[in-house]
Amino acid sequence: MMNLANTLNFARNLNFERSVNASKLISGFYISKLKRESATPALPYSISIEPTTACNLRCPQCISGKRDFTRPTGMINENLFQKIIDQTQHHLLYLNFYFQGEPFLHPQFTDMVKYASAKKIYTSTSTNAHFLNDENAKKTIQSGLNRLIISIDGATDETYKKYRIGGDLEKVKMGIANLSKWKKQLKASNPHVVLQFIVFKHNENEVDDFIKFAKQSGANDYVLKSAQIYDFENADDLLPVNAKYKRYSNKNKIEAVENNRCWKMWHSCVITWDGKVVPCCFDKDANHAMGDLNQQSFTEIWTGSRYQKFRNQLFKSRKEIAMCANCSEGAKVWVG
């Protein structure tokens, strides 16, 4: 969620071409919903690109952390990245540099952000903040990155490490301090820094301490987020006790509205490090790849028969698509 200043920052990237495309996109979704059949008269205004699948941590409910991919792993080629931006820049408003992995492990990460920012595209990413040393913090400010989410799931190092296995809370705090220092020195308003706290059983007693730290840290906002679970057999030690912080009504039923439609299929998509286009961030292993940008253009994939067939399937029954069963659309999020 954005504050007023950040929303205005986002709005500055609007131009006539992008505005017309967005209007067509929204109307196309509602026409599709009424007809129960996919109509895609416009291209998405939001995409996520995966810089890398690599990660320095071993979070137990994360496919990157468990090193449990069935798809190839690696880092996006900078030429492929630029090709994607060049093909999508005229309709693209929002670019999220994240899918799986730790973005700052990519050696050209801030260069890629700078390339997208030069095209007047609002940029965002999510990080565990272990690589925000003084130099990288300065490069991040200079890249033009608009929004930076930092995961910090504990107010003490002991609690933090229970989920962020291999992590160091003091290093995270230092990264936050480095960002704050360089924003002041460079007189920069960006990135809008958001501290994110995923609420688990082992850290729910530290929520107040986290909020106190967030308000004193120099960050712009904080978010409390309900935990997403993939391995329900081992979920008892993770799911919070307080119902306020639960995403699930029981161990395997998500608390979300079940509608046979999905707005994400019209306004956004995810691109893996090797150029596969997948419907959304729940397709962790790219089981529903709609096409390959190494062989096809973005428009060909987005308007192609395979994508249309998938959108139409959502109108019939989302429950028949495995990844939609654990979808957090409508999941609980609390914003500071």
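Above this text you will find the structure in question.
These numbers were taken from a predicted model, which means no experiment stands behind them.

J.: How would you summarise the nonpolar core if you had to cite specific residues and measurements?
T.: One broad rule of soluble globular proteins: the nonpolar side chains tend to lie buried together. Formed by 79 residues in total, the largest nonpolar core has its most connected members in I47, I49, F81, L95, I150, L195 and F210. Those residues in contact with I150 that sit more than four places away from it in its chain are T127, A129, L132, V172, I176, L179, V193, V194, L195 and Q196.

J.: Explain the packing of aromatic side chains to me, and be specific about the residues and the numbers.
T.: Working definition: an aromatic ring pair is given by the centre-to-centre distance plus the angle between the planes. Within this structure, the stated rule accounts for 15 aromatic pairs. For the ring pair W266 and F315, a centre distance of 5.6 Å and an interplane angle of 55 degrees mean the geometry is tilted. Of the two residues, W266 is situated in helix 9 (residues 264-267) and F315 in helix 11 (residues 305-316); the sequence distance between them amounts to 49 residues. By relative accessible area, which is 5% here, F315 ends up buried. Between W302 and Y307, the aromatic rings sit 5.0 Å apart at their centres with planes inclined by 65 degrees, giving edge-to-face as the arrangement. With respect to burial, W302 and Y307 carry one shared label: buried. By way of ring pairs, the aromatic residues F29, Y30, Y45, W263, W266 and F315 are connected into one cluster. Over the ring of F213 we find K173; its NZ or CZ atom is 5.0 Å from the centre of that ring. Lying across the ring of F282, K284 places its NZ or CZ 5.9 Å from the centre.

J.: Give me the lowdown on the pairing of strand 5 (residues 192-199), citing residues and values where you can.
T.: Regular strands show a simple pattern: their side chains alternate between the two faces of the sheet. In terms of burial, strand 5 is a largely internal element, eight of the eight residues being buried. Side chains of strand 5 alternate between two faces, with H192, V194, Q196 and I198 and V193, L195, F197 and V199 buried alike. In terms of strand pairing, strand 4 (residues 147-151) meets strand 5 through five bridges, oriented parallel. Across the sheet, I149 pairs through a bridge with V194, a residue of strand 5. Examined bridge by bridge, strand 5 and strand 6 (residues 221-226) share six bridges and lie parallel to one another. Bridge pairing links I198 to K225 in strand 6. As a crossover connection, the stretch from strand 5 through helix 8 (residues 207-216) into strand 6 is right-handed.

J.: Provide a residue-level description of the side chain of T53, including the pertinent values.
T.: By the secondary structure assignment, T53 is in the loop between strand 1 (46-49) and helix 3 (78-88). Since its relative accessible area comes to 5%, T53 is described here as buried. Here the side chain of T53 touches G74 through a polar contact of 3.0 Å, landing on its backbone nitrogen. Apart from residues lying up to four places away in sequence, T53 is in contact with S64, F69, R71, T73, G74, Q100, G101 and W273.

J.: Now, about helix 8: what can you tell me, with residues and values included?
T.: The periodicity of an α-helix, 3.6 residues per turn, causes residues three or four positions apart to be oriented the same way. Within the sequence span of helix 8, burial applies to V207, F210, I211 and A214. Each buried residue of helix 8 sits inside an arc of 100 degrees when the element is viewed along its axis, so together they form one side. Those residues of helix 8 that are exposed and angled more than 90 degrees off the buried face are D208, K212 and Q216. On its buried side, helix 8 packs onto strand 5 and strand 6.

J.: Can you break down the environment of S27 residue by residue, with the values?
T.: Topologically, S27 is positioned in helix 2 (residues 16-35). It is 9.5 Å that separates the C-alpha atoms of S27 and A42, two residues lying 15 residues apart in sequence. Among the polar contacts made by the side chain of S27, one reaches the main-chain carbonyl oxygen of K24 at a distance of 2.9 Å.

J.: Tell me about the pattern of salt bridges, residues and numbers included.
T.: Counted by the stated rule, this structure contains eight salt bridges. Of the charged contacts in the structure, one is a salt bridge between D86 and K119, with a shortest N-O distance of 3.9 Å. Note that D86 is positioned in helix 3 and K119 in the loop between helix 4 (109-118) and strand 3 (122-127), a separation of 33 residues in sequence. On the accessibility criterion, D86 (35% relative accessible area) is partly exposed. Measuring nitrogen to oxygen at the nearest pair gives 2.5 Å for the salt bridge that ties D134 to K181. Linking D134 in helix 5 (residues 134-143) with K181 in helix 7 (residues 169-185), this pair joins segments that are 47 residues apart in sequence. Accessibility expressed as a relative area gives 33% for D134, which makes it partly exposed.

J.: Can you lay out the state of the cysteines for me, pointing to particular residues and giving the numbers?
T.: Applying the stated rule across the entire model yields zero disulfides. C59 provides the cysteine sulfur closest to C55, a residue in no disulfide bond, and the two sulfurs are 6.1 Å apart. Looking at C55, the relative accessible area reads 18%, which means it is buried.

Basis of the calculations
Residues numbered from 1 in each chain as written. Predicted model: local features only at pLDDT ≥ 70, side-chain atom pairs only at ≥ 80, totals over all residues. Heavy atoms only, no water. Core = buried A, V, L, I, M, F, W, Y, C linked by side-chain atoms within 4.5 Å. Buried < 20%, exposed > 50% of the residue type's maximum accessible area, 1.4 Å probe, protein only. Contact = heavy atoms within 4.5 Å. Phe/Tyr/Trp six-rings, centres within 6.5 Å; stacked < 30°, edge-to-face > 60°. Helix = DSSP H or I, 4+ residues; strand = E, 2+ residues; numbered from the N terminus. Lys NZ or Arg CZ within 6 Å of the ring centre and 35° of its normal. Pairing = 2+ DSSP bridges. Right-handed = clockwise from strand over helix to strand, strands pointing away. Polar contact = N/O pair within 3.5 Å; in protein donor to acceptor, adjacent residues only side chain to side chain. Arc of directions from axis to C-beta. Salt bridge = Lys/Arg side-chain N within 4 Å of Asp/Glu carboxyl O. Disulfide = S-S within 2.5 Å.

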